[in-house]
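Residue strings, one per chain:
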Amino acid sequence: QVQLVESGGGLVQPGGSLRLSCAASGVIASINSMGWYRQSPGKQRELVATITRDGSTNYADSVKDRFTISRDNTKNTMYLQMNSLKPEDTAVYYCNAYLRRWGGSTWYDYWGQGTQVTVSS
């Protein structure tokens, strides 16, 4: 099986920083793109940032110049450095990976269970 586990969420004051991690484990042959998404109460899940295997990145306009996505392909791990956090960044943050499992040829989307980020004074 495949598992994505997020960590690093918590409570932070406005203007503060947090670093999220997402570790993928299991029978993984290859991971293509990875990404962070977030969902606030009463809102749809939205894209925060994505990164391809070769490191090309894409950000939502609302987080550009504040958040940085990165990954370590040797560890099947992705990160999100979040700086200058605002109350509107409060949400559950989810990790996503588009990957292929050993012994198979089909690519699938996998999701983590989410980590809560709360920005409040």
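I will try to describe carefully the structure that is included in this document. This structure is a prediction, so every number in the text was calculated from the model and none was measured. (Residues numbered from 1 in each chain as written. Predicted model: local features only at pLDDT ≥ 70, side-chain atom pairs only at ≥ 80, totals over all residues. Heavy atoms only, no water.)

Here the focus is the nonpolar core. With 31 residues, the main nonpolar core has Trp36, Leu80, Met82 and Tyr93 as its most contacted residues. Put simply, the parts of the chain that give this core at least two residues each are strand E1 (2-7), strand E3 (18-26), strand E4 (28-39), strand E5 (46-51), strand E7 (67-72), strand E8 (77-82), strand E9 (91-101) and strand E11 (115-119). Examining the composition of this core, we find that five residues originate from one element, E9, more than from any other. Setting aside its immediate chain neighbours within four residues, Met82 contacts Gly16, Ser17, Leu18, Leu20, Arg66, Phe67, Tyr93 and Val117. (Core = buried A, V, L, I, M, F, W, Y, C linked by side-chain atoms within 4.5 Å. Buried < 20%, exposed > 50% of the residue type's maximum accessible area, 1.4 Å probe, protein only. Helix = DSSP H or I, 4+ residues; strand = E, 2+ residues; numbered from the N terminus. Contact = heavy atoms within 4.5 Å.)

On to the sheet that holds E3, then. The pairing of strands in a sheet happens through backbone hydrogen bonds and is either parallel or antiparallel. If you walk across this open sheet you meet the four strands as E1-E3-E8-E7, and the pairing is antiparallel. Edge positions in the open sheet fall to E1 and E7, since each of these has one partner strand only. Recorded for the sheet is a direction-independent mean angle of 15° between the axes of neighbouring strands. Bridge count between E1 and E3: six bridges; the pairing is antiparallel. In the strand pairing of E3, Ser7 is matched with Ser21. (Pairing = 2+ DSSP bridges. Axes fitted to C-alpha atoms, helices over the stretch in contact; angles between N-to-C directions.)

Looking now at the state of the cysteines. Note on terminology: disulfide describes a covalent bond linking the sulfur atoms of two cysteines. The final tally for this structure, using the stated rule, is one disulfide. In this model Cys22 forms its disulfide with Cys95; the gap between the sulfur atoms is 1.8 Å. A torsion of -60° about the S-S bond marks the disulfide between Cys22 and Cys95 as left-handed. Of this pair, Cys22 sits in strand E3 while Cys95 sits in strand E9, placing them 73 residues apart in sequence. (Disulfide = S-S within 2.5 Å.)

Take the pattern of salt bridges next. As enumerated under the stated definition, the model contains four salt bridges in all. Note that Arg38 and Glu46 form a salt bridge whose closest N and O atoms lie 2.7 Å from each other. The salt bridge partner of Arg38 is Asp89, with a shortest N-O separation of 3.0 Å. Taken together, the positions of Arg38 in strand E4 and Asp89 in the loop between E8 and E9 put the pair 51 residues apart, joining distant regions of the chain. Assessed through its relative accessible area of 0%, Asp89 is described here as buried. (Salt bridge = Lys/Arg side-chain N within 4 Å of Asp/Glu carboxyl O.)

Okay, the pairing of strand E10 (residues 107-111) next. Alignment of E9 against E10, held across five bridges, turns out to be antiparallel. Considered in E10, the bridge of Arg100 is made with Trp107. Hairpin connection between E9 and E10: a loop of five residues separates the two successive antiparallel strands, and Gly103 in this loop has a positive phi of roughly 85°.

Counted by the stated rule, this structure contains two aromatic pairs. Centre to centre, the rings of Tyr37 and Trp111 are 5.0 Å apart; their planes meet at 65°, and the pair counts as edge-to-face. Taken as a pair, Tyr37 in strand E4 and Trp111 in strand E10 lie far apart in primary sequence, 74 residues in all. The exposure class assigned to Trp111 is partly exposed, which follows from its relative accessible area of 38%. (Phe/Tyr/Trp six-rings, centres within 6.5 Å; stacked < 30°, edge-to-face > 60°.)

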